[in-house]
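# Structural features, examined
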Amino acid sequence: MVAETDKTEDSQSNRTVVVAEDESLIRLDIVEALGDAGYDVVGEAASGQEALDFTRKMKPDIVVMDVKMPGMDGITAAKEIGKDNLAPVVMLTAFSQQKLVEKAAEAGAMAYVVKPFVPEKLLPALEVAITRFEQINTLRDEVSDLKARFEARKRVDRAKGLLMENMGLTESEAFRWIQKTSMDRRLTMQEVADAVIAQVESDD
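The sections below set out a description of the structure shown in this document. Every chain begins its residue count from 1, and numbering advances along the sequence as written. Reporting of local features is limited, given that this is a predicted model, to residues whose pLDDT is at least 70; pairs of side-chain atoms are given and counted only at 80 or more, and all residues count toward the totals for whole chains, interfaces and linings. Note that the side-chain values use all heavy atoms of the structure and ignore hydrogens as well as water.

Only DSSP runs of H or I covering at least 4 residues are called helices, and only runs of E covering at least 2 are called strands; the numbering of each starts at the N terminus. Scanning the chain from terminus to terminus reveals eight helices and five strands. Moving toward the C terminus, one meets the helices and strands of the chain in the order β-α-β-α-β-α-β-α-β-α-α-α-α.

Another point: the sheet that holds strand E2 (residues 40-45). DSSP-based pairing: two strands are paired if at least 2 bridges between them are found. Reading across from one edge, E2-E1-E3-E4-E5 is the order of the five strands in this open sheet, with parallel pairing throughout. The sheet is open, and its two edges are formed by E2 and strand E5 (111-115), each paired on a single side. On average, each strand axis in the sheet is inclined to that of its neighbour by 20°, with strand direction left out of account. A contact between two residues is defined here by any heavy atoms of the two lying within 4.5 Å. Fitting a line to C-alpha atoms yields each axis, with helices limited to the stretch in contact; the angle taken between N-to-C directions then spans 0 to 180 degrees. Its contacts with the sheet place helix H3 (residues 74-83) against strand E3 (62-66) and strand E4 (89-94), and it is angled at close to 160° to E3.

All right, on to the pairing of E2 then. Note on classification: 1.4 Å probe, protein chains only; a residue is buried when its accessible area is under 20% of the maximum for its type, exposed when over 50%, partly exposed between these limits. The element E2 is extensively covered by neighbouring structure, given that six of its six residues are classed as buried. Inspection of the sheet shows strand E1 (residues 16-20) paired to E2 by five bridges, in the parallel sense. Within E2, the position partnered with Val18 by the bridge is Gly43. In this fold, the crossover linking E1 to E2 by way of helix H1 (residues 24-36) has right-handed handedness. Seen with the strands pointing away from the viewer, any crossover whose path from the first strand over the helix to the second strand runs clockwise is right-handed.

Bringing the pattern of salt bridges into the picture now. Salt bridges are defined by distance alone: a side-chain nitrogen of Lys or Arg within 4 Å of a carboxyl oxygen of Asp or Glu. Taken as a whole and judged by the stated rule, the model has 13 salt bridges. Between Glu171 and Arg132 there is a salt bridge whose closest N-O contact spans 3.8 Å. You can see Glu171 sitting in helix H7 (residues 171-185) and its partner Arg132 sitting in helix H5 (residues 119-142), a full 39 residues away along the chain. Take Arg132: its relative accessible area is 33%, and that puts it in the partly exposed class.

Glancing now at unusual backbone geometry. At the junction of Lys115 and Pro116, the peptide bond is cis and its omega measures out at 0° in the coordinates. Along the chain, Pro116 falls in the loop between E5 and H5. Located in the positive-phi region is Lys59, a residue other than glycine, with phi close to 50°. Here Lys59 is to be found in the loop between helix H2 (48-58) and E3. Residue Lys59 is classed as exposed on the basis of its relative accessible area of 62%. Although it is not a glycine, Arg186 adopts a positive phi angle of roughly 55°. On the secondary structure map, Arg186 appears in the loop between H7 and helix H8 (189-203).

Taken across its five residues, E3 has five buried, putting it largely inside the fold. Burial along E3 is two-sided: Ile62, Val64 and Asp66 facing one way and Val63 and Met65 facing the other are all buried. Here E1 runs beside E3; their pairing, made up of four bridges, is parallel. Within the sheet, the bridge partner assigned to Ala20 lies in E3 and is Met65. Note that E3 and E4 share four bridges and pair parallel. The residue of E4 that forms the bridge with Val63 is Val89. After leaving E3, the chain enters H3 and then returns to the sheet as E4, a path that is right-handed.

Here you go:
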C-alpha cells in the first residue's frame, strides 16, 4: 500500500518527510507522530523501491525508513538515496539488528532509531540527520576529492566534539563556529578543525 499525502499549509517546521515502513500500523503511528510535531509527510511507502521513487519525486527534507522491507530493503534504498545525495535518511531498526545498523551507516544513513519507536527519540534523530546532511554537503562543496572529503569530515567531527566539550556548544553551534571561522580567516574548514584540535591537545 502506498499513499501520497497532501502538504499541510500550517506546518510548524515545514520539514517534508517520506516515511517507508511495510507494517501499516507502525507507519500510521510514525506519520501521526510526525504530523503532530509539525512535519509534513509528503509520501508513504511500503518498500525500499517505493521509498526511493517517492524521494526522487518529492525531494523531501528527510526520509524515515525501516531496515527490513519486501523487495528492495531499506539499506539498499538508503544507499541509492545517498549516492544521488537526495535526502538524509533515518533508519528504523529492531534492537537485535546491530549489524544492520552498521551496514545502514555505511550506506549513508545519518541516524537510526530502535523500534518500537517513541516520538521523544524519533524527532531528535530527524533533526540530527538533517543537520549532519547539511554539514556534509557544505564539506562536499569545499572538498571535491572523495578520500580528502572523508578525512576532512573526520577532522571536522573531531573538532566539533572538542568545541562541544570545552565551550559547551551544541553540534550545530560548533559546526557554525568552524564554518564562520573558516570564512573570516579564509581557511578551509579542515584547516580550522586542525587548528582547534592542535590547540586543545597542546593545552592538555
